[in-house]
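Descriptive structure summary
Residues per chain are reported as follows:
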Amino acid sequence: MKMKKFSRTEQEVYAIVAPIADELGFTIWDVSFEKEGAYWYLRVFADRPDGMTIEDCEMLTRPVNAAIDAADPITQAYVLEVGSAGLERELNQPEHFAQSVGMMVRARAIRPIDGAREWIGTLTAFDETQVTLDTEDGDNVTLPLEGLSYVKRHVEVEF
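These lines cover the structure that appears in this document, whether it is placed above or below. (Residues numbered from 1 in each chain as written. Predicted model: local features only at pLDDT ≥ 70, side-chain atom pairs only at ≥ 80, totals over all residues. Heavy atoms only, no water.)

1. Some thoughts on the sheet that holds strand β2 (residues 39-47)
Strand pairing within a sheet occurs via backbone hydrogen bonds; the two strands may be parallel or antiparallel. Read across the open sheet, the three strands follow the order β1-β2-β3; overall the sheet is mixed. Each edge of the sheet is formed by a strand with only one pairing partner; in this case those strands are β1 (27-36) and β3 (79-84). Along the sheet, successive strands turn relative to each other by an average axial angle of 20°, direction set aside. As judged from the six bridges shared by β2 and β3, these two strands associate in the parallel manner. Paired with R43 across the two strands is E81, which belongs to β3. Seen against the sheet, helix α1 (residues 8-23) touches β1 and β2 and runs at an angle of roughly 145° to β1. Running over the sheet, helix α2 (residues 54-71) touches β2 and β3 and is turned about 145° from β3. (Pairing = 2+ DSSP bridges. Helix = DSSP H or I, 4+ residues; strand = E, 2+ residues; numbered from the N terminus. Axes fitted to C-alpha atoms, helices over the stretch in contact; angles between N-to-C directions. Contact = heavy atoms within 4.5 Å.)

2. Some remarks on the environment of W40
Looking at where W40 falls in the secondary structure, it is placed in strand β2. The class of W40 is partly exposed, set by a relative accessible area of 27%. The sequence separation of W40 and L80 amounts to 40 residues, and the corresponding C-alpha distance is 8.9 Å. The contacts of W40, once residues within four sequence positions are left out, are F33, E34, K35, Q76, A77, Y78 and V79. (Buried < 20%, exposed > 50% of the residue type's maximum accessible area, 1.4 Å probe, protein only.)

3. Regarding a negative patch on the surface
A surface patch of negative charge is lined by E136, D137, D139, E156 and E158. For D137, the location among the structural elements is in the loop between β6 (130-135) and β7 (140-144). (Patch = residues over 30% accessible without salt bridge, like charges linked within 9 Å, V, L, I, M, F, W, Y side chains within 5 Å. Areas by Shrake-Rupley, 256 points an atom, 1.4 Å probe, with all protein chains shown as cover. Salt bridge = Lys/Arg side-chain N within 4 Å of Asp/Glu carboxyl O. Lys, Arg positive; Asp, Glu negative; His and termini not counted. Charge placed at Lys NZ, Arg CZ, Asp CG, Glu CD.)

4. Side note on the sheet that holds strand β4 (residues 104-113)
Spatially, β7-β6-β5-β4-β8 is the arrangement adopted by the five strands of the open sheet, whose pairing is antiparallel. Looking along the sheet, the strands with just one partner apiece sit at the ends: β7 and β8 (148-153). Within this sheet the neighbouring strands show an average axis-to-axis angle of 40°, counted without direction. As paired strands, β6 and β7 are joined by five bridges and run antiparallel to one another. Residue D134 lies in a different strand from β7, and its bridge partner there is N140.

5. What to know about the nonpolar core
In terms of nonpolar packing, the biggest core is built from 20 residues, with V13, V17, I28, L42, L60, V64 and I68 touching the most fellow members. Per-element tally for this core: the top contributor is α1, with six residues. Core analysis: the second largest hydrophobic core is formed by 19 residues, A85, A107, A109 and L145 among them. (Core = buried A, V, L, I, M, F, W, Y, C linked by side-chain atoms within 4.5 Å.)

In structure tokens:
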């Protein structure tokens, strides 16, 4: 994986919606504009310190939709989705990694690295090329970002 580079459309949408989110007490975690099948999807992932609710997503959707419609940065038809970044959100920006140092993460490799494809551990360090984890097994591993398919926050849920 590489740190995400926002497309022009994603950058424009972020610039439009970030001040709105900030005013309402939210932060924008990510913006994604992708074609899936016959449809284009504009996804705005938000967060707030005490977590997101469905009502929060609804409260943010209305002004975000109105602002994007007024600015009209997207020429083709698309479906707007405003949602939570989620508990197990993907880390794809330097600030995501910085905010997640000291937290549990799950890293998955594209191909095995030293015989393993997945690690769960505490994120202890990162830079533009690698991440370092203290794993649940007590190992300290440094993994190259280019060899990973993702790094996500990890939350263990007991049933």
